Amino acid sequence: MQITSKFTIAVHVITAIDYFKDKETVTSNFLAGSVGANPVIIRTVMSKLKEAGIISISQGKSGITLAKPLSDITFYDIYTALGCVDDEGLFHFHEHPNTECPVGRNIHSAMEDKLQSIQDSMERQMKEITVADVEGDVRKKIAGADR
């Protein structure tokens, strides 16, 4: 189980868009430089964020902007926008347990509800954390580093 780095890249991108909105024209190349990633990866992430209504992308002077306030963008919004979890859920079972073995025959059904409960808890908490929380911490760290 692992949520790909596209999730943290997306949070970085959204935070940078807000932080630099009045200082720079924010482009995918600019964001790639901030993230330290290939611009193609940034554009892929941005495409998903745009589809989800989190960012707006326009050619020219305005560049990339947020479509809604940071306080309205939760980790869960990003998680779902990027498709971090598929219909099978966060946890994937090994596919061929030995049905002749009593453990192999019952392991999936014994774990299924427990794993779903873990995923539900994580998703509930993701709904409570916003990018504004991250951005506030970034600004504090920037202010502390400038002293």
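Quick look at the structure, then. Worth saying up front: this structure is predicted, and the values here are computed from it rather than measured.

Position of Thr130 among the secondary structure elements: in the loop between helix H5 (102-126) and helix H6 (131-145). Looking at Thr130, the relative accessible area reads 12%, which means it is buried. At 3.3 Å, the side chain of Thr130 and the backbone nitrogen of Ala132 are in polar contact. Residues in contact with Thr130, not counting those within four places in the same chain, are Leu70, Ser71, Ile73, Thr74 and Phe75.

Now for the nonpolar core. Residues Phe7, Leu31 and Ile78 are the most contacted members of the largest nonpolar core, which totals 30 residues. Ranked by residues supplied to this core, first place goes to helix H1 (residues 6-20) with eight residues.

Before going further, it helps to examine helix H2 (residues 28-35). Residues lying three or four places apart along an α-helix face the same way, a consequence of the helix completing one turn every 3.6 residues. Along H2, the residues classified as buried are Ser28, Leu31 and Ala32. Looking down the long axis of H2, one finds its buried residues gathered within 105° of arc, a one-sided arrangement. Away from its buried face by more than 90 degrees, H2 exposes Asn29 and Gly33. Turning to H2, the residues buried within the fold contact H1, helix H3 (39-51) and strand S2 (64-66).

The geometry of H1 relative to H3 is characterised by a closest axis approach of 10 Å and an angle of 80° between their N-to-C directions. In terms of axis orientation, H1 runs roughly perpendicular to H3. Facing Lys6, Ile9, Ala10, Val13 and Ile14 of H1, the residues of H3 in contact are Ile41, Ile42, Thr44, Val45, Met46 and Leu49. Here the contact of H1 with H3 is composed, by residue class, of nine nonpolar, one polar and one charged.

What follows is about the pattern of salt bridges. The tally for this structure, following the rule as stated, stands at two salt bridges. Here Lys21 and Asp18 are joined by a salt bridge, their closest N and O atoms 2.9 Å apart. Between Glu135 and Arg139 there is a salt bridge, and its shortest N-O distance comes to 2.1 Å. With a gap of four residues between them, Glu135 and Arg139 both fall in helix H6, about one helical turn apart. The exposure class of Arg139 is partly exposed, given its relative accessible area of 35%.

Next up on the list: the environment of Asp137. Note on placement: Asp137 falls in helix H6. In this structure Asp137 comes out as partly exposed when scored by relative accessible area, which is 43%.

Our next topic: H3. With 13 residues, H3 extends 18 Å from end C-alpha to end C-alpha; this agrees with the ideal 18 Å at 1.5 Å per step. What H3 keeps buried is the set Ile42, Val45, Met46 and Leu49. Buried residues of H3 fall within an arc of 100° about the axis and therefore sit on the same side. You can read the cap of H3 off the contacts: a side-chain oxygen lies 2.7 Å from the backbone nitrogen of Val40, and it is on Asn38.

To continue, consider the side chain of Glu123. Mapped onto the elements, Glu123 comes out in helix H5. No salt bridge forms around the buried Glu123; measuring N to O, its nearest opposite-charge neighbour Lys127 is 5.9 Å away. Setting aside chain neighbours within four positions, we find Glu123 in contact with Tyr76, Tyr79 and Val85.

Cut-offs applied
Residues numbered from 1 in each chain as written. Predicted model: local features only at pLDDT ≥ 70, side-chain atom pairs only at ≥ 80, totals over all residues. Heavy atoms only, no water. Helix = DSSP H or I, 4+ residues; strand = E, 2+ residues; numbered from the N terminus. Buried < 20%, exposed > 50% of the residue type's maximum accessible area, 1.4 Å probe, protein only. Polar contact = N/O pair within 3.5 Å; in protein donor to acceptor, adjacent residues only side chain to side chain. Contact = heavy atoms within 4.5 Å. Core = buried A, V, L, I, M, F, W, Y, C linked by side-chain atoms within 4.5 Å. Arc of directions from axis to C-beta. Axes fitted to C-alpha atoms, helices over the stretch in contact; angles between N-to-C directions. Parallel < 35°, antiparallel > 145°, perpendicular 65-115°, else oblique. Nonpolar A, V, L, I, M, F, W, Y, C, P; charged D, E, K, R; others polar. Salt bridge = Lys/Arg side-chain N within 4 Å of Asp/Glu carboxyl O. Expected span 1.5 Å × (residues − 1). Lys, Arg positive; Asp, Glu negative; His and termini not counted.

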